[in-house]
Amino acid sequence: MQNFNYHSHTYRCGHSDADMSDEDYIKDYIKMGFKKIAITDHCPEKNVIDTRDKKRMEYTQKDEYLQSIQYLKEKYKDCIDIKVGYEVEYIPGEEANIQELKDETDIIVLGQHFIYGNENSELRILGKCDYTDEELHTYVNYIEKALELEIPDIIAHPDLYLSHREQFGEIEEKVAHELCSVAEKYKIPLEINLNNIFQKTYNQNRILNNLPLEEQRKKLINVQYPRKEFWDIACNYDIKVLYGLDTHYRGQIPVWNELVQLANEMIGEDTINKLNFIDSL
């Protein structure tokens, strides 16, 4: 079983549990036997691009965030290896600011949640609008450009673009092949993201429950990702794969094993066995 997780958030992003401190998460990871973790909160923006409320930390919180994780890294160095970083989106024109974030941290996770519209005047946010075929092509281009610039260490939830698409047709298949191809080319791991599973099962409607696994399994019909169709394609590429807890909530870390099991059931044993899971970064 994977004993590391490189995708974790904090209360600063505004949509995590506000009563969970940085240290609370670290203690949960230690209790679960994790050996390496990264705190990678949604990045602050020097130039505000994403104007949505409660989606990322403020730029004024950046130094305090880095200092907090550095303090915990030292405090718990004999128990767990802690890295600090960000989850970022690539946006044209923001390369220097993204590089600045990368230079002052250990790890960068690329979680591409949006692209610019045709006129570069508004964000087209995944799940909030229906992407055209052209916009899906732009989405892939943004990810490829980020890899070309050597920005990320991990591509988070690569199947997120499917989260509001019930059908898996020609364009969805084409995008899956394109994403896997660039991940293979640049040797960047793809993440099987476990957060949506947690939100639809153990933390349904943000109410934590302790129902048995067989009851949680019944709720998988509502999970938007991971998507089996994507990973059925990914397993045919020479790519690296890892699980990402994408921690936001109380009670999420303690059910790590169950979330991995549910993800494997969604994707299918045959496909899981073909994927190249890494031991660490």
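This report concerns the structure included in the present document. (Residues numbered from 1 in each chain as written. Predicted model: local features only at pLDDT ≥ 70, side-chain atom pairs only at ≥ 80, totals over all residues. Heavy atoms only, no water.)

1. With respect to the nonpolar core
Counting residues in hydrophobic clusters, the biggest one holds 84 residues, and the most contacted among them are Y86, Y139, Y161, I192, L194, F230 and W231. Ignoring sequence-local partners within four residues, the contact set of F230 consists of P158, D159, Y161, L162, F168, A176, L179, C180 and L190. In terms of nonpolar packing, the next biggest core, distinct from the first, is built from nine residues, Y6, A38, I107 and L242 among them. (Core = buried A, V, L, I, M, F, W, Y, C linked by side-chain atoms within 4.5 Å. Buried < 20%, exposed > 50% of the residue type's maximum accessible area, 1.4 Å probe, protein only. Contact = heavy atoms within 4.5 Å.)

2. Observations regarding helix α9 (residues 256-267)
Between its terminal C-alpha atoms α9 stretches 17 Å, which fits the 16 Å expected from 12 residues at 1.5 Å a residue. The complete set of buried residues in α9 reads W256, L259, V260, L262, A263, M266 and I267. Within α9, the buried residues cover an arc of 165 degrees as seen down the axis, which keeps them to one side. Following α9 by one or two positions, G268 adopts a phi angle in the positive range, close to 105 degrees. (Helix = DSSP H or I, 4+ residues; strand = E, 2+ residues; numbered from the N terminus. Expected span 1.5 Å × (residues − 1). Arc of directions from axis to C-beta.)

3. Points about the packing of aromatic side chains
Tallied over the full model, the rule gives 12 aromatic pairs. Between the aromatic rings of F230 and W231, the centroid separation amounts to 5.1 Å while the plane-to-plane angle is 80 degrees, which identifies the pairing as edge-to-face. On the basis of relative accessible area, F230 is assigned to the buried category, the value being 0%. Taking relative accessible area as the criterion, W231 reaches 0% and is therefore assigned buried. Taken together, the ring pairs connect Y29, F34, Y243, W256 and F277 into an aromatic cluster. (Phe/Tyr/Trp six-rings, centres within 6.5 Å; stacked < 30°, edge-to-face > 60°.)

4. Regarding helix α4 (residues 133-148)
The end-to-end C-alpha distance of α4 is 23 Å, a good match for the 22 Å that 16 residues give at a rise of 1.5 Å each. Among the residues of α4, those classed as buried are E135, L136, Y139, V140, Y142, I143, A146 and L147. For α4, the angular spread of buried residues about the axis comes to 150 degrees, placing them on one side. Residues of α4 that are buried make contact with β4 (107-110), β5 (114-116), β6 (123-125), β7 (154-155) and α5 (170-186).

5. A closer look at the environment of N236
Structurally, the position occupied by N236 is in the loop between α8 (228-234) and β9 (240-244). Between the C-alpha atoms of N236 and L136, which are 100 residues apart in sequence, the distance is 22 Å. At a separation of 3.1 Å, a polar atom in the side chain of N236 contacts the main-chain carbonyl oxygen of D232. (Polar contact = N/O pair within 3.5 Å; in protein donor to acceptor, adjacent residues only side chain to side chain.)

6. Description of the layout of surface pockets
Taken as a whole, the largest pocket holds about 760 Å³ of empty space. Lining the largest pocket are 30 residues, and of these H15, K55, H113, Q199 and Y225 lie nearest its centre. In terms of residue class, the lining of the largest pocket is built from five nonpolar, 16 polar and nine charged. The space that makes up the second largest pocket amounts to roughly 220 Å³. D50, R52, R56, M57 and E58 are the residues nearest the centre of the second largest pocket, which is lined by 17 residues in total. Here the residues of the lining of the second largest pocket sort into five nonpolar, three polar and nine charged. (1 Å grid on protein atoms, 1.4 Å probe; cavity = no way out; pocket = protein on both sides within 12 Å on 5 of 7 lines; lining within 4 Å. Points joined across faces, edges and corners; volume = space filled by probe spheres on them. Nonpolar A, V, L, I, M, F, W, Y, C, P; charged D, E, K, R; others polar.)

7. Notes on the state of the cysteines
Each disulfide consists of one covalent bond between the sulfur atoms belonging to two cysteines. All chains considered together, the criterion is met by zero disulfides. Free cysteine: C13, not disulfide-bonded; nearest cysteine sulfur from C43 at 12 Å. In this structure C13 comes out as buried when scored by relative accessible area, which is 0%. (Disulfide = S-S within 2.5 Å.)

8. Remarks on the packing of α4 against α5
Running from N to C, α4 and α5 point in directions that differ by 5 degrees, and their axes come no closer than 10 Å. The orientation of α4 with respect to α5, classified from their angle, is roughly parallel. Residues D133, L136, H137, Y139, V140, I143, E144, L147 and E148 of α4 touch α5, and the partners they reach there are I171, V175, E178, L179, V182, A183, K185 and Y186. Taken together, the residues that form the contact of α4 with α5 break down as 11 nonpolar, one polar and five charged. (Axes fitted to C-alpha atoms, helices over the stretch in contact; angles between N-to-C directions. Parallel < 35°, antiparallel > 145°, perpendicular 65-115°, else oblique.)

9. Some details on the side chain of Q112
Relative to the helices and strands, Q112 is located in the loop between β4 and β5. A distance of 2.9 Å separates a polar side-chain atom of Q112 from the backbone oxygen of Y90. Of note is the side chain of Q112, whose polar atom sits 2.7 Å from the backbone oxygen of F114. Ignoring anything within four residues of it in the chain, the contact list for Q112 reads V88, E89, Y90, L126, Y139, Y142, I143, H157 and L160.

10. Some details on the pattern of salt bridges
Applying the stated criterion across every chain, the model contains 21 salt bridges. The salt bridge partner of E265 is R217, with a shortest N-O separation of 2.7 Å. Of this pair, E265 sits in helix α9 while R217 sits in helix α7 (residues 213-217), and the two are 48 residues apart along the sequence. Overall, E265 belongs to the partly exposed group, its relative accessible area being 36%. (Salt bridge = Lys/Arg side-chain N within 4 Å of Asp/Glu carboxyl O.)

From the geometry alone we can't say anything about function, so treat these as descriptive.
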